[in-house]
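Structural overview
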Amino acid sequence: MPDPYPTPSLARHPELLRRLGALLAVTVLAALAVLAGPTAAQAEPKDTYVIGTDTTFAPFEFTGEDGKLQGIDMDLIQAIAEDQGFEVEIRPLGFDAALQALQSGQVDAVIAGMTVTDEREKTFDFSDPYFTGGVQLAVPEGSDISSYEGLKGQTVAVKNGTTGKEYAEENAEKYGWTVDTYQETTDVVDAVKSGHAVGYFDDYPVIQYGITQGSGFQTVGDPVLGGDFAMAVNKGENPELVEAFNTGLANLKESGKYDQIVDTYLNADGGEQQSRDVLSVAATYWPTLVRGLGLTILATVVSIVAAFVLGIVFGFGRISRIAPLRWISTAYVYVFRGTPILVQAFFVFFAIPQLFPDLKMGAFVAGAITLSLNTGAYMTEIIRGGIQAVDPGQTEASRSLGLGHWKSMQKVVLPQAFRIMIPSFVNQGIITLKDTSLLSVIGLAELTYQSRQIIASTYMSSQILVIVAAMYFIVITALTLLSQRLERTYAA
Amino acid sequence: MSANAKIIVQNLHKSFGDNEVLKGIDLTVAEGEVVAVIGPSGSGKSTFLRCLNRLEEPSGGTIVVDGADLSDRSVKIDEVRQRIGMVFQHFNLFPHMSVLENVTLAPVELGRLSKAAAAERGRTLLERVGLGDKAGAKPASLSGGQKQRVAIARALAMEPEVMLFDEATSALDPEMVGEVLQVIRDLAEGGMTMVLVTHEMGFAREVSQRTVFMDGGVVVEEGPPAEIFENPQSPRLRDFLSKVL
């Protein structure tokens, strides 16, 4: 399960994304979309099923101290797989992304603390429910709020797409509270801790688990029960998997294994309380964070090298005497400079596999492609600008000696242009390194992603954020110093 | 004119967009002849010079330099340019190379000479322009006059048949003009065919065998320098000389 590069990923605005994807798809190549067509359903039983799940939905799935994904859903699907004799490959994508991946055929099923709704049943087939959720209100420990009545005129926080949000919005008028929606449980909790909201609505197991982890919250009233959690497959696909899940679940309930799993996460009384000072937190999670940093640096290096090549190709294209080359290069720059890198990442990761079913790629490949193309557009401009910044008299002098166009480029213009470009290259490198953090949205397990995972299971956002910021800062400062030396070395 | 004409220009036109800068120039330069081109700013004299090695693409007319027809699109311009040295107002030395590398770049890269042979000739040329001790220096450390002498040595390294000077002393401090003019004078005495666009009237008069006065994109008057400077015929030349002398 814990795949070192948890392939795909996560985006929390399914509606928006779907619309965006569709829009881009249509805009880009309607004809190709038609050619691509829908993916065919597969019916034959498999040895291994790819299961999509959320990344940060403790206690159902979350990253433990050891960097491995754990939780009720994870233990359950493993136990069922063992019971029924199949293998599972877990892809922690984030909730919305997991559903996207299911629809685009990148995963066989999704188990992610998902509530069965009428709306979802139009698209998916569900297994038997394995858990009954319920919404509860959590407020900071020691708060004097003891009922909904105290919330008039106050703000409550919810996570997007949850039953907690539905509940809070349905009852907003009745109790007079305002609802602020966030993308992650982590953000919801931090919103309350930092005073943007007085409390938050969430699934009670989530709140309960947080309390066992020292989240510093208490609950108000009893959970409003409702909402069955079940595993989903695409409508009409993998019926044998649903069948196996149901049988396995019944067996686990029978044997008492089911209760054991649930109790592990909801009724464990805390266990040993972790140290919460920055240094011990850093020590505990160091391996995970370093792994994240490693991926950040790898993605940066790969992207910068590829972007440099793209920059040279299109940079020369931009100043080419051949008009179509200029047009193509200019279009490339405008498209990738003129759209946000997040949209590009979503497009590469979600829209392309839907347009071309054979082009499925992991988060790292998709992330590196996105970052390379994006950085390449800026590199193109740096290289074009650097070449054009060289005094035209240099080319004239070289050409008047009888040296050809390319010889003049190579011997006279480029060595000077390169010197002009160095500071911009370094600057772009730093931007690219920081932009890798945006790729956490498609599940690239880089530093920011890892930190989010740790926060989600520990509730120690301030400590983790300080550590992560320091790690970025140190790497970027080291790069800056290095580049200053480089500049001095190459200074004319 | 003579059978040994090095440069033959006939009815040369050049426009930048709607702006016609050269309106039909005819000029022939004989082998070993030194021609000075004078005229007010904007008269087209620099553009004319730059057409002679096709740094500017003529809009019409013919140019034949050392037997090569530049108006023929199929002419191998890089080969022709190897026979035409050019010196620029702003020197245009290659700042990332040493003085000697500036001089040896073209002969080495064009396969004319081995590195060692090019370096040897480069040193000889630098001696000739009085800069034998500067071979290893970077251009940035040189004075304007020294830079321009290096630029001349660089052009000479290709052993050109013709040398073009585009206001070679205009960007120099007055005290440095002399050292550059001396190098050009030496070249003239050595029999180099040269076209000089210049603002140095005294020098034009002294060194050229023929002086051409351009104004408004045409050759208004040409002749031996003594006549041009002492007995100008056209009102425009008289007016010009009254301002610059």
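In case you missed it, the structure is sitting above this.
A brief structural summary. The numbering scheme is per chain: residues are counted from 1 as the chain's sequence reads. Going through the entries in the order they are written, you letter the chains from A and number the ligands from 1. For a predicted model such as this one, the threshold for reporting local features is a pLDDT of at least 70, and the threshold for listing and counting side-chain atom pairs is 80 or more; totals across whole chains, interfaces and linings nevertheless cover every residue. Excluded from the side-chain calculations are hydrogens and water; all other atoms, namely the structure's heavy atoms, are used.

Let's talk about the overall build of chain A
- Strands here mean DSSP runs of E at least two residues long; helices mean DSSP runs of H or I at least four residues long; both are numbered from the N terminus. Broken down by element type, chain A carries 18 helices and twelve strands.
- Expressed as a percentage of the 492 residues in chain A, the buried residues total 52%.
- Residue contacts follow a heavy-atom distance rule, with two residues in contact if any of their heavy atoms lie within 4.5 Å. Expressed as a percentage of contacts within chain A between residues at least 6 apart in sequence, the contacts between residues at least 24 apart total 78%.
- To measure how exposed things are, a 1.4 Å probe is used in the Shrake-Rupley method; for residues, cover is taken only from the protein chains shown. Entry remark: accessible area of chain A is about 21500 Å², with carbon and sulfur atoms responsible for 59%. Partly exposed describes any residue whose relative accessible area lies between the buried limit of under 20% and the exposed limit of over 50%, with all areas from a 1.4 Å probe on protein chains only and scaled to the type maximum.

A few points about empty space enclosed by the protein
Residues and elements named next belong to chain B.
- Using a 1 Å grid laid over the protein atoms alone, points where a 1.4 Å probe fits but cannot get out form a cavity; open sets with protein on both sides within 12 Å along at least 5 of 7 lines form a pocket; any residue with an atom within 4 Å of a point counts as lining. Grid points are joined across faces, edges and corners, and a volume is the space filled by probe spheres set on the points. Counted according to the given criterion, the structure contains one cavity of 30 Å³ or more.
- Computed from the structure, the largest cavity encloses a volume of approximately 50 Å³.
- Taken together, Phe165, Glu167, Ala168, Thr169, Leu181, Ile184, Leu196, Val197, Thr198 and Phe203 make up the full set of residues lining the largest cavity.
- Elements represented by at least two residues in the lining of the largest cavity include exactly α6 (174-189) and β8 (193-197).
- Residues are sorted three ways: Asp, Glu, Lys and Arg are charged, Ala, Val, Leu, Ile, Met, Phe, Trp, Tyr, Cys and Pro are nonpolar, and all the rest, Gly among them, are polar. For the lining of the largest cavity, a count of residues per class yields seven nonpolar, two polar and one charged.

What to know about the side chain of Ser208(B)
Residues and elements named next belong to chain B.
- Its place among the elements puts Ser208 in the loop between α7 (201-207) and β9 (210-215).
- Only 3.4 Å separates the side chain of Ser208 from the backbone oxygen of Arg210, close enough to count as a polar contact.
- Two N or O atoms count as a polar contact when they lie within 3.5 Å, although within protein this holds only if one can serve as hydrogen donor and the other as acceptor, and sequence-adjacent residues are included solely when both atoms are side-chain atoms. Of the polar contacts made by the side chain of Ser208, one reaches the side chain of Thr211; its length is 3.0 Å.
- The contacts of Ser208, once residues within four sequence positions are left out, are Val34, Val35, Ala36, Phe203 and Pro225.

Focus on the nonpolar core
All names here are of chain A.
- Membership of the largest hydrophobic core comes to 49 residues, with the highest contact counts inside it found for Ile51, Leu76, Tyr130, Phe131, Tyr200, Leu241 and Phe245.
- Top element by residues in this core is helix α2 (residues 72-84). It accounts for seven residues.
- Apart from residues lying up to four places away in sequence, Phe131 is in contact with Phe60, Tyr204, Pro205, Gly227, Asp228, Phe229, Tyr258, Val262 and Leu266. Put simply, buried Ala, Val, Leu, Ile, Met, Phe, Trp, Tyr and Cys residues joined by side-chain atoms within 4.5 Å make one nonpolar core.

A word on the packing of helix α13 (residues 341-355) of chain A against helix α14 (residues 363-389) of chain A
All names here are of chain A.
- Viewed as axis vectors pointing N to C, α13 and α14 meet at an angle of 135°, and their least axial separation amounts to 9 Å. The orientation of α13 relative to α14 falls into the category oblique. Considering the relative orientation of α13 and α14, their crossing is right-handed. In this structure, α13 uses Ile341, Gln344, Ala345, Val348 and Phe349 to contact α14, whose residues at the interface are Ala363, Ala366, Ile369, Thr370, Leu371 and Asn374. Axis lines are fitted through C-alpha atoms, for helices just across the contact stretch, and the angle between N-to-C directions can take any value from 0 to 180 degrees. With respect to orientation, any angle under 35 degrees is reported as roughly parallel, any angle over 145 as roughly antiparallel, any angle of 65 to 115 as roughly perpendicular, and every other angle as oblique. Should the near helix be turned counterclockwise from the far one by less than a right angle, the crossing is left-handed, whereas a clockwise turn marks it as right-handed.

Some points on the interface of chain B and chain A
- Across the boundary between the two partners, chain B contributes 22 residues, which contact 18 residues of chain A.
- Buried area is understood as the total, over both parts, of accessible area removed when two parts are fitted together, assessed with a 1.4 Å probe. Between chain B and chain A lies a buried interface of about 1700 Å² when both sides are counted; carbon and sulfur atoms form 60% of it.
- Considering only the side of chain B, the residues that lose the most area to chain A are Phe94(B), His96(B) and Glu109(B), jointly responsible for 30% of the buried surface there.
- Any carboxyl oxygen of Asp or Glu within 4 Å of a side-chain nitrogen of Lys or Arg constitutes a salt bridge here. Taken together, the links from chain B to chain A amount to four salt bridges.
- We note a salt bridge from Asp78(B) to Arg399(A), for which the minimum N-O separation is 3.1 Å.
- Summed over the shared surface of chain B and chain A, the result is seven residue pairs in polar contact (both at pLDDT 80 or more).
- For the side of chain B that touches chain A, the secondary structure elements donating two or more residues are α2 (77-81), β6 (84-87), α3 (99-109) and α5 (144-156) of chain B.
- Ranked by residues supplied to the side of chain B that touches chain A, first place goes to α3(B) with three residues.
- A class-by-class count of the residues in the side of chain B that touches chain A yields 13 nonpolar, four polar and five charged.

Examining the packing of aromatic side chains
- Two aromatic rings from Phe, Tyr or Trp, using only the six-membered ring of Trp, form a pair when their centres are within 6.5 Å; if the ring planes differ by under 30 degrees the pair is stacked, by over 60 it is edge-to-face, and anything between is tilted. Going through the model one piece at a time under the given rule, you end up with 25 aromatic pairs over all chains.
- Taken together, a centroid distance of 6.2 Å and an interplanar angle of 65° make the contact between Tyr130(A) and Phe245(A) edge-to-face. Here Tyr130(A), found in the loop between β6 (124-126) and β7 (131-140), pairs with Phe245(A), found in helix α9 (residues 239-255); they are 115 residues apart in sequence, far enough to count as distant.
- With relative accessibility at 1%, the residue Tyr130(A) sits in the buried group.
- For Phe245(A), a relative accessible area of 0% translates into the label buried.
- Every member of this aromatic cluster is reached through a ring pair, and the members are Phe60(A), Tyr130(A), Phe131(A), Tyr204(A), Phe229(A) and Phe245(A).
- Lysine NZ or arginine CZ positioned within 6 Å of the ring centre and within 35 degrees of the ring normal marks a charge as sitting over the ring. Lying across the ring of Phe16(B), Lys14(B) places its NZ or CZ 4.8 Å from the centre.
- Positioned over the ring face of Phe94(B) is Arg154(B), at 4.5 Å from the centre of the ring.

Focus: helix α4 (residues 115-128) of chain B
Residues and elements named next belong to chain B.
- Along its 14 residues, α4 runs 20 Å from first to last C-alpha, staying within 8% of the 20 Å computed at 1.5 Å per residue.
- Buried within α4 are the following residues: Ala118, Gly122, Leu125 and Leu126. End-on, the buried residues of α4 take up no more than an arc of 100°, which puts them together on one face. Facing away from the buried side of α4 by more than 90 degrees, the exposed set consists of Ala116, Glu120, Glu127 and Arg128.
- Each element contacted by the buried residues of α4 is listed here: α3 and α5.
- Positioned one or two residues after α4, Gly130 has a phi angle of 80°, which is positive. In this scheme, a helix's expected span is set at 1.5 Å multiplied by one less than its residue total. Throughout, the arc means the angular range of directions from the helix axis out to the C-beta atoms.

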